[in-house]
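Fold and contact review
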Amino acid sequence: MVSIGVRRISLIIAGMLLSTGIGISVAATPKTLTIYSGREEKIMKPLIEKAQKDLGINIEVRYGDSTELAIALIEEGKNSRADLFYAQDAGSLGAIAQEKRTLTIPNQLLNKVDGQFRSSTGQWVGISGRARVIDYNTKLVKTSELPTSVMQLSDPKWRGKVGWAPTNGSFLSFVTAMRLLEGEQKTLEWLKGMKANQAKAYSSNSAIVEALGRGEVALGLVNNYYLYRFTTKDPNFPVAIHHTRGDAGSLINVAGLAVLNTTDQKSDAEKLVDYMLSPNVQKYLTQQFYEYPLVKGIPVSQKQVPLDQLKSPQLDLSQLSDLKGTLSLLQEAGLV
């Protein structure tokens with residue numbers, strides 16, 4: 001990768017030589033594609049290194065929380081140097097699309113993904129899927145006892161037995177989906193009910209799964225892929241996945257890409273979108289990180305229930321952009 005500093009020095013030297021009348025031939029300096037990534041570096045680094053070789057494009061990445069990067073992109077506006085936004089959730093993608101910071105992605109790229117996993121107006125496209133699930137300790141809970149809806153978790157039966165991560169980004173999208181499906185008042189009552197039911201707060205989904213393994217809690221609200229990080233190391237890890245049907249607890253969110261309207265490299269940006277939807281990248285995301293591939297024909301890893309067999313709620317994922325409203329509700333419930 002050519003650094004910005006090196007490029008500037010090269011341009012200054014070229015300018016000095018030209019000003020002295022010395023004729024030289026200066027090769028065109030390749031541009032650098034800049035991605036704002038809410039995805040972690042451990043996932044992105046190998047992908048970016050290979051994409052640079054395969055596509056012949058220089059790429060630099062700014063990492064951060066998806067919500068914070070979305071806010072940064074909106075604040076930077078026309079002055080942003082970003083070409084693409086790779087968000088961890090559809091809500092952040094929807095937020096920048098609402099602010100008209102995105103370009104429409106060509107149909108030949110959009111059509112590689114089912115309509116429910118991309119913007120209805122073509123402003124972003126999902127790259128991989130992330131399903132909300134209830135993980136449970138198999139020694140503490142029988143399958144016949146499992147709730148059929150996440151709304152049942154505020155029942156006294158589960159008092160002190162449920163783990164959650166109220167400040168986690170995935171949880172925020174889950175609550176936003178609940179607001180859309182159940183309404184503001186019912187969601188607020190559920191949040192207050194869970195708090196009164198002594199749900200145990202953890203800092204992350206991984207911490208919840210660890211607690212489940214120890215038997216500290218019986219059920220945990222997490223994403224599908226976290227459990228496999230434990231069972232690949234310990235096949236006897238006493239935790240399993242339970243899927244509810246049609247409620248916020250069965251939401252399938254996406255990590256996805258948007259091309260930004262500040263790019264001057266639209267063609268290269270679209271090449272990268274196409275690259276991320278290629279079979280090799282889809283296999284990498286599911287085999288290494290246990291996420292759902294969104295391009296048809298790519299099998300899921302482990303023993304996961306295939307996407308087309310899950311009963312997720314019918315939602316336009318762009319509607320998950322109102323994280324501010326969700327944070328207000330969490331504050332009203334006394335959770336943040």
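Residues numbered from 1 in each chain as written. Predicted model: local features only at pLDDT ≥ 70, side-chain atom pairs only at ≥ 80, totals over all residues. Heavy atoms only, no water.

Structural notes on the overall build of the protein chain
- When you go through the protein chain residue by residue, the secondary structure sums to twelve helices and ten strands.
- Relative to a compact globule of 336 residues, whose C-alpha radius of gyration would be 20 Å, the protein chain shows 22 Å and is just as compact.
- With the principal axes as the frame, the protein chain shows a C-alpha extent of 85 × 40 × 35 Å.
- Across the 336 residues of the protein chain, 54% fall into the buried class.
- Put simply, 76% of the contacts in the protein chain that link residues at least 6 apart link residues at least 24 apart. (Helix = DSSP H or I, 4+ residues; strand = E, 2+ residues; numbered from the N terminus. Rg over C-alpha atoms; globule rule 2.2 N^0.38 Å. Buried < 20%, exposed > 50% of the residue type's maximum accessible area, 1.4 Å probe, protein only. Contact = heavy atoms within 4.5 Å.)

Notes on the side chain of Asn 137
- When you line up the elements, Asn 137 lands in strand β4 (residues 125–137).
- Of the polar contacts made by the side chain of Asn 137, one reaches the backbone nitrogen of Lys 139; its length is 2.7 Å.
- Non-local contacts of Asn 137, meaning those with residues more than four positions away in its chain, are made with Leu 212, Gly 213, Gly 215, Val 217, Ala 218, Pro 238 and Val 239. (Polar contact = N/O pair within 3.5 Å; in protein donor to acceptor, adjacent residues only side chain to side chain.)

Digging into the pairing of strand β3 (residues 84–87)
- Of the two faces of β3, the one carrying Leu 84 and Tyr 86 and the one carrying Phe 85 and Ala 87 are both buried.
- In this sheet, β3 lies alongside strand β1 (residues 32–37) in parallel orientation, the contact comprising three bridges. When the sheet's bridge partners are listed, Ser 37 is paired in β3 with Tyr 86.
- Where β3 lies against strand β9 (residues 252–259), four bridges are found, and the strand directions are antiparallel. Paired with Ala 87 across the bridge in β9 is Gly 256. (Pairing = 2+ DSSP bridges.)

Things to note about the nonpolar core
- The biggest cluster of nonpolar side chains holds 88 residues, and the ones touching the most others in it are Phe 85, Trp 190, Leu 191 and Leu 221.
- In this view, Trp 190 contacts Val 150, Met 151, Ser 154, Trp 164, Phe 174, Met 178 and Leu 221; residues no more than four positions away in its chain are not counted. (Core = buried A, V, L, I, M, F, W, Y, C linked by side-chain atoms within 4.5 Å.)

Some words on the packing of aromatic side chains
- Within this structure, the stated rule accounts for eight aromatic pairs.
- Taking 5.1 Å as the distance between ring centres and 20° as the angle between the ring planes, the aromatic pair formed by Phe 230 and Phe 237 counts as stacked. By the burial criterion, Phe 230 is buried, and Phe 237 matches it.
- Through pairs of rings, three or more aromatic residues link up here, namely Trp 164, Phe 171, Phe 174 and Trp 190.
- One residue, Arg 62, lies across the ring of Tyr 36, its end atom 4.8 Å from the ring centre. (Phe/Tyr/Trp six-rings, centres within 6.5 Å; stacked < 30°, edge-to-face > 60°. Lys NZ or Arg CZ within 6 Å of the ring centre and 35° of its normal.)

Comments concerning the UniProt feature "binding site: Fe cation" (unreviewed entry) in the protein chain
- When the UniProt feature table is mapped to this numbering, "binding site: Fe cation" (unreviewed entry) covers Tyr 225 and Tyr 226.
- Among the secondary structure elements, Tyr 225 is positioned in the loop between β7 (219–223) and α9 (226–231).
- A polar atom in the side chain of Tyr 225 sits 3.1 Å from the side chain of Asn 223.
- Here Tyr 226 lies in helix α9.
- Using a relative accessible area of 12% as the deciding quantity, one classes Tyr 226 as buried.
- Not counting residues up to four positions away in its chain, the partners in contact with Tyr 226 are Asn 205, Ser 206 and Val 209.
- Within the structure, Tyr 226 has its side chain in polar contact with the side chain of Asn 205 (distance 3.5 Å). (UniProt positions renumbered as here; feature names shortened; annotations may be inferred.)

Looking at unusual backbone geometry
- Unlike most non-glycine residues, Lys 100 shows phi in positive territory, near 60°.
- Inspection of the secondary structure assignment puts Lys 100 in the loop between α4 (90–98) and α5 (107–110).
- For Lys 100, a relative accessible area of 68% corresponds to the exposed category.

Brief notes about α4
- Burial analysis of α4 places seven of its nine residues in the buried class, which makes it a mostly covered element.
- Regarding α4, the residues found buried are Ala 90, Gly 91, Ser 92, Leu 93, Gly 94, Ala 95 and Ile 96.
- Close packing links the buried residues of α4 with α3 (66–76), β3 and β9.
- Once α4 ends, the next one or two residues include Lys 100, with phi positive near 60°.

Some points on the pairing of β7
- With five of five residues buried, β7 is to be regarded as a mostly interior element.
- Neither face of β7 is exposed, since Leu 219, Leu 221 and Asn 223 on one face and Gly 220 and Val 222 on the opposite face are all buried.
- Looking at chain direction, β4 and β7 are connected through five bridges and run antiparallel. For Val 133, the partnering residue across the bridge sits in β7 and is Val 222.
- Pairing geometry for strand β5 (residues 162–164) and β7, over two bridges, is parallel. What sits directly across from Gly 163, in β7, is Gly 220.

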